[in-house]
Amino acid sequence: MKEKNIIAKKEFNLKSFFFQWEWMLVLLFVVINIINTFLSPYYLDPKKLLDATMTFLDKAFIVLPMVFVIILADIDISVASTVALSAVVMAVSYNLGVPMALAIIICLLVGTLCGFLNGLLIVKFKELSAVIVTLSTMIIYRGIAYIILEDQASGKFPAWYKFLGWGYVGGIPFILIVFAVFAVVFGLLLHKTTFGRRVYAMGNNITASRFSGIQVDKIKVIVFTLTGFMSAVTALFLTSRMGSTRPNVASGYELDVIAMVVLGGISSTGGKGKLTGAIISIFLIGFLRYGLGLKNVPAQALLIIIGLLLIFAVMIPNLKFNFKKWGKVQKTS
Amino acid sequence: MNNFLEMRKITKQFNDNVVLDQVDFCAGKGQVHALIGENGAGKSTLMKILAGLHMPDSGDILIEGSKVAINSPKQAQELGIAMIYQEIRLFPDLNITENVYIRREPMKNPRWCKLIDWEKAYEDTQKYLDYFGLKLNPRRPVNTLGMGQQKFVEIIKAVSQNANIIIMDEPTAALTDHEIDILFKVIGDLKKLGVTIIYISHRLEEIKRIADQVTVIRDGKVIQSCSIDEVDINGIIKAMAGKELEDRYPKLKVKLGKEQLRVEGLSYGGKLKDISFSIKKGEILGITGLSGSGRRTLTKVLCGFEGPYEGSLYINGKLFKSITPHMAKLNGLCFVTGIGTSEGLITNAPIQENVTITNMERVSKLGFIERTTEAEAAKDLIERLEIMASENEIVNNLSGGNQKKVIFAKWLFANAKILFIEEPTAGIDIGSKVDIYNIINELVTSGASVVMISSDLSEIVGMCDRVMVMYNGEARGIFNKGEVSQEDILYYASGGRG
Ligand SMILES: Nc1ncnc2c1ncn2[C@@H]1O[C@H](COP(=O)(O)OP(=O)(O)OP(=O)(O)O)[C@@H](O)[C@H]1O
Ligand SMILES: [Mg+2]
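Because the structure is a prediction, the values reported are computed rather than measured.

## Some details on the overall build of chain B
Helix and strand content of chain B: 16 helices and 22 strands. Whereas a compact globule of 498 residues would reach a radius of gyration of roughly 23 Å, chain B reaches 23 Å, a difference of no more than 12%. For chain B, the spread of C-alpha atoms along the principal axes amounts to about 70 × 50 × 45 Å. Per-residue burial over chain B gives 58% buried out of 498 residues. Considering only residue pairs separated by 6 or more positions, chain B has 67% of its internal contacts joining residues 24 or more positions apart. Side-chain charges in chain B split into 61 positive and 64 negative, and the spacing between the mean points of these groups amounts to 3 Å.

Set out below in C-alpha cells:
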C-alpha cells in the first residue's frame, strides 16, 4: 500500500535534457557562426578563429570564479580594479628591479589579497551587501593603482613574458590551453566536490546551510579570494598582450564578466546554473565580437546585441513556464 | 444536509503520481470539518486546490451549489477562501501588521491617492492580537517572534480576511496546549459567525474536541466521511493506517552512561537566565514551556547559532566558553530543526543532497563526492524512516510529514551524539510517530543522548526520563519521569512556582 505512493524514479528525459539553457546557448553559438560565415568569407579559417580566442580569453579567467560568486547570490564588481592594481604593482616592481618571475608572483599575491579583503569585509559586516562592499573596493583598488602609477604606462617587460599573451604550443594559443586547464579545474570544483555542493547549498538557502553546520563564512571568503586570484591571472595575460600597463586597464571588465555569467544561465538569485553555460557564453560573445569586427560593425552595436541576449536569458525561465500553462489550456479546452 | 462547499471527483497527478483519485469532499456552513490521513495521503494537496495554489486535473468545486472556477490564490480569496498553510509563509523582516495586511492594506480616503492607512492597520491588528490574548506590539518584526506566535500571525492573517471558508493545515503542530485552547476558542467564535472551517491535524484528541465532521483519506482516496459522533479514535486510526496501533509511547529502559553535556549558570542577553542542567549518555531530556519561554533560544545558543553566552558549557567534560555551529557539530552536538521554517531543508534540492549535507565527508573521497555511495546512503535512510519518495525527488514536492523525516534523516546521517530535537513528531501521522520514537530509542540505546524540545505534553511525559520546564528564560524545575503529571508541567510552564 505504501509502495504505490512512492514517486516514480525520474527517467532520463530526452525532452527536458535538450530543453536546457546550455543547449540553447550551443544553438545560438552555431547560429552566430553561420551568420558570421555568411557575413565574411574569411571567418571560417581555423587558424584565424584560434587567434581570435587570444583576443577575448583574458577576461574569461574571471568568469570562472564569478560563476561561484553569483551562485552564492552575491556579486563582485571590483574585479576589473583588482586586475588593474595587480598589473600595476607587477609592472612597477619589475621596473624597480624585481626579477620578472617574482613580479608575477607578487601580481598573483596582490590579486589574491584584494579578493580576500572583499570576502573578509563581506562576512564581517553582515549589514553590508556584496555590491556595496565591492563597489567601495572597486574605487579603492583602482585609486591605489592611480596613486602608484599616476596615469602613466609602465612596461618594458622581458621578451619571454610576451609568450603568455602571444605564444603557441603545438599551434594552439597558450592562453587557450591555460584557460582550458582552469576551466576543467573549476568545473570539477563546482560540480564534483563537497566544496561546490556547499556553494550551491548556500546559494539556495543560506539559513538551512548554516543550520546544517556548513561554515558559510569560510566558504564565502574562499570564493572571493579565488575571484581575486583569477583577476590577477587575467592581469598577467592582459599585460603580456598589451606589452605595458596603465592604471585604467581592464575598465568595464566587471560588466563583461557578469554579463557572460548571467547569459550562461547562472541565476542572479543564486543556487542555479552550470559552469558549462558560462563557458559557452564566453565563446559566444567572443566570436560574435570577432565576426562583427571583421565586418567593421561598431562596438556599440555589439553592446546592444549583448544587452538583448541578456534580457532574453533572464526571460527564458518565465517563457518556459508560460509554454507549459498554455499547453494545459489547449488540452482541456 | 445542505453543503456549503462541495468538491466533486477531484483528481490530481504530479508527474505520473496520482495524488488525489476522484476525491469527493463536502463541508457544511458553520461547521468544523476535520480532514485526516497519513503523511502523504493528499490532504494538503486537496486543500491547496481549494485555495487556488494547484489546479486539479479534473473535478468541480461548488460553493452554495454553484460551480466556481479557482485558478489562483487571488480568486480563492475573492470567493472568501483563506488558507493557513502547513509551513509558515511570512515575510520575516516585515512587522506583524505589514504581514497581516500584505497586498490588502487599508487605504486612506480618497482612495485614488493610494496612501496606506497605517493607523487603522495597526489599530485593527492590535484588536486581533488582544482578541487572541497575545501581548505583542503590532509593530514588532516577525523574525523576533517564536514559532507559535508566528503561527498566530498567520492565523490572524486568515481570520482578518473575513473569509467564509478557512482552511487550517496542521495549525497546532507548533503550538502549546495553552495556545491551542485560545485557537479553539477562536474557532468556536468563527463557527457561530457561520464560517466553515476545514481542519487538518494529526492530533486526533483535538479532532474529537472540535470537529463536527470527519473525512479520512488514504492514498488519495476517501476512506470514510461521517459525523464525529459516529466514529471512535481507534476506528479512525484504523481507517487511516489500515492497521491497529500498538503502544503509543514505546519508552525503553536504557542504562545511563556518563555525562555528555553539562550547562552551568548559562545566561544570554536577558533571554536566558541562569540555566543549569546536564544530560547523560542514553538519556532523553524533555524541555517544554510556552512559546517565548526561551526553549528555542537555549538550543540555538548551545549549538552556536546565537551568542556569546555567559556561564559554562561542558561537552564530554571539556569546557567551552564560547561555541560556533562548526565546533558544536564536531563535538557531536546538533539541532534537529522543525519544519515550516527555512532552517531545515534546501527545498529545491533532492532528498539525497539534503541528507548528506551534514556530513559530506562520509560520501566523498579527497573532496570529491561519490554519487552512487551518496545515493545508497540516502536510500538506506529513506527505507529506515519510511519516507515515501525516491532519493532524487526534490524536497519541495514532499508532503509535510515526509519533509520532517528528511530532516531527521540528515541528522542521523551526521552521526550526532547529542541531539536537540525540536518538536520531533509535529506534523507526523500517528502511525509514523511511533516509528520516530523508535528511532529516538535506537539513538539512545546506541549511546547518544536526546533533548526533546516539545509542546506535546503527553509525548514529553511518555518518552522523557526527565523534564525541564522553562518560563520566561528561566528553568522552573527539572523533574524525573513519574514525578510530574501533565497538569503540573502546565502549572510551572505558565509561571507557577513549586
Ligand atoms: N508539487 C508537487 N510535486 C510533486 N509531488 C507532490 C507535490 N506536492 C505534493 N506532492 C506529493 O503528493 C503526495 C501528497 O502530498 P500532500 O502534501 O498532499 O500530503 P499530506 O496529506 O498533506 O501529508 P502530511 O500529513 O505529511 O502533510 C505526496 O506523495 C507528495 O510527495
Ligand atoms: Mg500536508
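## Re the domain arrangement of chain B
Residues and elements named next belong to chain B. Each assigned domain of chain B is listed here: domain 1 (3-80 + 163-241) and domain 2 (259-493). Each of domain 1 and domain 2 has a C-alpha centre, and the two are 31 Å apart. Every contact between the two is made by 17 residues of domain 1 and, on the other side, 21 residues of domain 2. Roughly 1400 Å² of surface becomes buried between domain 1 and domain 2 when both sides are summed, with 53% attributable to carbon and sulfur atoms. Taken together, the links from domain 1 to domain 2 amount to zero salt bridges. Counting the contacts that link domain 1 with domain 2 gives four residue pairs in polar contact (both at pLDDT 80 or more). Among the residues forming the side of domain 1 that touches domain 2, the class breakdown is six nonpolar, six polar and five charged.

## Examining the pattern of salt bridges
Going through the model one piece at a time under the given rule, you end up with 35 salt bridges over all chains. Residue Glu-353 of chain B pairs with Arg-371 of chain B through a salt bridge whose shortest N-O separation is 3.6 Å. Here Arg-371 of chain B lies in helix H12 (residues 371-384) and Glu-353 of chain B lies in helix H11 (residues 351-356), a separation of 18 residues in the sequence. On the basis of relative accessible area, Arg-371 of chain B is assigned to the partly exposed category, the value being 43%. Three or more residues are tied together by salt bridges with common partners; here these are Arg-197 of chain A together with Glu-353, Arg-371 and Glu-374 of chain B.

## Quick word on the coordination of the magnesium ion (ligand 2)
Residues and elements named next belong to chain B. Taken together, Ser-44 (OG) and Gln-86 (OE1) make up the full set of protein donors to the magnesium ion (ligand 2), lying 1.9 to 2.3 Å away. Here the residue Ser-44 occupies a position in helix H1 (residues 43-50), and Gln-86 occupies one in the loop between strand S6 (81-84) and helix H3 (96-100), the gap between them amounting to 42 residues. The pair formed by Ser-44 and Gln-86 is uniform in burial state, with each residue classed as buried.

## Regarding a nonpolar patch on the surface
Residues and elements named next belong to chain A. On the surface, a cluster of nonpolar side chains totalling about 470 Å² of accessible area is made up of Leu-117, Leu-121, Phe-125, Leu-128, Val-131 and Ile-132. Contributions of two or more residues to the nonpolar patch are made by helix H5 (100-124) and helix H6 (130-149). Within the secondary structure, Val-131 is located in helix H6. Looking at Val-131, the relative accessible area reads 42%, which means it is partly exposed.

## As for the site of ligand 1
Near ligand 1 lie 19 residues; those nearest to it are Lys-43, Ser-44, Thr-45, Asn-397 and Gly-401 of chain B. More than one chain reaches ligand 1: the nearby residues come from chains A and B. Between an oxygen atom of ligand 1 and a side-chain N or O atom of His-202 of chain B, the distance comes to 2.8 Å. Interatomic distance of 2.6 Å between a backbone N/O atom of Gly-401 of chain B and an oxygen atom of ligand 1. Contact with the protein chains removes 93% of the 640 Å² of surface that ligand 1 exposes when unbound. Sorting the residues of the shell around ligand 1 by element identifies H1 and helix H13 (400-413) of chain B as the ones contributing at least two each. No other element matches H1 of chain B, which puts three residues into the shell around ligand 1. Each residue belonging to the shell around ligand 1 can be placed in one class, and the counts come to five nonpolar, eleven polar and three charged.

## Remarks on the sheet that holds strand S14 (residues 310-315) of chain B
Residue and element names in this part refer to chain B. If you walk across this open sheet you meet the four strands as S12-S11-S14-S15, and the pairing is antiparallel. Taken across any chain shown, the strands that pair with only one partner, and hence form the sheet edges, are strand S12 (272-280) and strand S15 (318-320). Direction aside, neighbouring strands of the sheet carry axes that sit 15 degrees apart on average.

## Some thoughts on the packing of helix H8 (residues 174-192) of chain A against helix H11 (residues 216-242) of chain A
Residue and element names in this part refer to chain A. At their nearest, the axes of H8 and H11 sit 12 Å apart, and the two run at 170 degrees to each other. In terms of their interaxial angle, H8 and H11 are classed as roughly antiparallel. Contact residues: H8 offers Phe-174, Ile-175, Val-178, Phe-182, Phe-186 and Leu-189, while H11 offers Leu-226, Phe-229, Met-230, Val-233 and Phe-237. Class assignment for the residues of the contact of H8 with H11 results in eleven nonpolar, no polar and no charged.

Reading the values: rules and limits
- Residues numbered from 1 in each chain as written.
- Chains lettered and ligands numbered in written order.
- Predicted model: local features only at pLDDT ≥ 70, side-chain atom pairs only at ≥ 80, totals over all residues.
- Heavy atoms only, no water.
- Helix = DSSP H or I, 4+ residues; strand = E, 2+ residues; numbered from the N terminus.
- Rg over C-alpha atoms; globule rule 2.2 N^0.38 Å.
- Buried < 20%, exposed > 50% of the residue type's maximum accessible area, 1.4 Å probe, protein only.
- Contact = heavy atoms within 4.5 Å.
- Lys, Arg positive; Asp, Glu negative; His and termini not counted.
- Charge placed at Lys NZ, Arg CZ, Asp CG, Glu CD.
- Domains from an automatic or database assignment.
- Buried area = accessible area lost by both parts, 1.4 Å probe.
- Salt bridge = Lys/Arg side-chain N within 4 Å of Asp/Glu carboxyl O.
- Polar contact = N/O pair within 3.5 Å; in protein donor to acceptor, adjacent residues only side chain to side chain.
- Nonpolar A, V, L, I, M, F, W, Y, C, P; charged D, E, K, R; others polar.
- Donors = N, O, S within 2.8 Å, 3.2 Å for Na, K, Ca; no water.
- Patch = residues over 30% accessible without salt bridge, like charges linked within 9 Å, V, L, I, M, F, W, Y side chains within 5 Å.
- Areas by Shrake-Rupley, 256 points an atom, 1.4 Å probe, with all protein chains shown as cover.
- Near = heavy atom within 4 Å.
- Pairing = 2+ DSSP bridges.
- Axes fitted to C-alpha atoms, helices over the stretch in contact; angles between N-to-C directions.
- Parallel < 35°, antiparallel > 145°, perpendicular 65-115°, else oblique.

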